[in-house]
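Okay, here's what each chain looks like letter by letter:
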Amino acid sequence: LTRPDAAPSEAPAFGFALHATDGTARRGTVTTAHGEIRTPAFMPVGTLGTVKCLYPEQVRATGADILLGNTYHLMLRPGAERVAGQGGLHRFMNWPHPILTDSGGFQVMSLAKLRKITEKGVTFQSHVDGSRHELTPERSLEIQGLLGSDIQMQLDECVALPADRREMERAMELSLRWAARSKAAFFGRRGHGLFGIVQGGDDEELRARSAAGLVEIGFDGYALGGLAVGEPQEVMFRVIEATAPALPADRPRYLMGVGTPQDILGGVARGIDMFDCVMPTRAGRHGLAYTRYGKVNLRNARHADDPRPLDAASDCPAARDWSRAYLHHLVRTGEALGAMLLTHVNVAYYQSLMAELRVAIETGRFAEVKAQIEADWARGDI
Ligand SMILES: CNc1nc2cc3nc(NC)[nH]c3cc2c(=O)[nH]1
């Protein structure tokens, strides 16, 4: 198979430019073969090659510059070689903008059966049909290359917290060895980047060793893994504060799997550039709306006769052009349009939050914008 969707030779080189800082908050741009990513950025999750319930153009219209695809899911269905045969994931899902794919390890541990981790990689049984598979640092990158993603992640091992130090140390050191193998195996087509993943649990010394090891190998960007795995928010923030300064300022920093709007605001304040989370899309399918004034559970009977839209000032039609009474009706009856509209509301809200933070950093008003956002959340939806 020729490499699908091999970026044309004139594709821009992968890069990151820092435009402004405000305290430890950063405003930048990541350049990839499929376009630019304005940071701080939120990546909607498109697990099986779709951001569930939304058309790609709707996702784009919310302001999203990049989507996330899951290697574990796509390697099982429809298969990496099949996606490559269709011209790669961008063509397959009709999303011509940047795509980041994860490396599969995290989802193997959370979804697959009979997982076995060895020095070589991880073997597992598919949660779909029980078929046996192996992921190694090399095979994970081969799959991500077949999918044609612009940003590829190393294979790593994430431990759930709390964990004892020996376990965190073992997984961090294995992940570092896999980082070196990933770097050696990465065929960096022009405009495509490889990110290393910092591990080390909630132990600052292990985190520092992991970050230093990755920087020595050298990556196009650095992710903070091993967080949003059940630890309290203050533990996550403490780990970010200990880790971010150990990473090069001229490379993107990606906090994996995060998070609530509050987590993201705190992450941006501490120097994180990229985020991904299933929350806005998953919550939308369960009747939960994210708005400027906090969460609104449209299953709640208090909305049954409320003619107001979720947010009359929103530029997202789903938040502006339908009543809460109607949304409540759709959610209660399980109508597909309910999931579609609330997913749209939530993805649009997350993107509007990122846009507001990008402007705040550019204009040196991050602290006051952060305070205003937090005050609006505290006011609650009335
Ligand atoms: C692909 N590797 C990788 N993915 C992750 C995804 C996550 N998603 C969450 N919370 C939803 N934490 C995560 C940690 C990792 C992690 O440590 N490594």
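A. Representation of the sheet that holds strand β9 (residues 132-135). Taken in spatial order, the three strands make up an open sheet running β7-β8-β9, and their pairing is antiparallel. Looking at strand neighbours, the two that pair on one side only are β7 (113-117) and β9, the edges of this open sheet. With strand direction ignored, the average angle separating the axes of adjacent strands in the sheet is 15°. Pairing of strand β8 (residues 122-125) with β9 involves four bridges; the strand directions are antiparallel. Looking at the pairing, threonine 123 lines up with glutamate 134 of β9.

B. Structural context of helix α15 (residues 366-379). Its 14 residues place the ends of α15 20 Å apart at the C-alpha level, agreeing with the 20 Å of an ideal helix rising 1.5 Å per residue. Among the residues of α15, those classed as buried are Phe366, Val369, Ile373, Asp376 and Trp377. The buried residues of α15 occupy an angular sector of 100° when the element is viewed end-on, so they sit on one face. Summarising the geometry of α15, the exposed residues directed more than 90 degrees from the buried face are Ala367 and Ala378. Of the residues one or two after α15, glycine 380 is the one with positive phi, at around 80°.

C. Representation of the site of the ligand. Of all residues adjacent to the ligand, which total 14 residues, the nearest are Asp156, Gln199, Gly226, Leu227 and Ala228. Separating a nitrogen atom of the ligand from a backbone N or O atom of leucine 227 is a distance of 2.7 Å. Coverage of the ligand by the protein chains reaches 85% of its 410 Å² of free accessible surface.

D. Fine view of the side chain of serine 140. Mapped onto the secondary structure, serine 140 falls in helix α6 (residues 137-147). A polar contact of 2.9 Å, which involves the side chain of serine 140, links it to the backbone oxygen of serine 103. Not counting residues within four places of it along the chain, the set of residues in contact with serine 140 comprises Ser103, Leu135, Met153 and Leu155.

Definitions and cut-offs
- Residues numbered from 1 in each chain as written.
- Predicted model: local features only at pLDDT ≥ 70, side-chain atom pairs only at ≥ 80, totals over all residues.
- Heavy atoms only, no water.
- Pairing = 2+ DSSP bridges.
- Helix = DSSP H or I, 4+ residues; strand = E, 2+ residues; numbered from the N terminus.
- Axes fitted to C-alpha atoms, helices over the stretch in contact; angles between N-to-C directions.
- Expected span 1.5 Å × (residues − 1).
- Buried < 20%, exposed > 50% of the residue type's maximum accessible area, 1.4 Å probe, protein only.
- Arc of directions from axis to C-beta.
- Near = heavy atom within 4 Å.
- Polar contact = N/O pair within 3.5 Å; in protein donor to acceptor, adjacent residues only side chain to side chain.
- Areas by Shrake-Rupley, 256 points an atom, 1.4 Å probe, with all protein chains shown as cover.
- Contact = heavy atoms within 4.5 Å.

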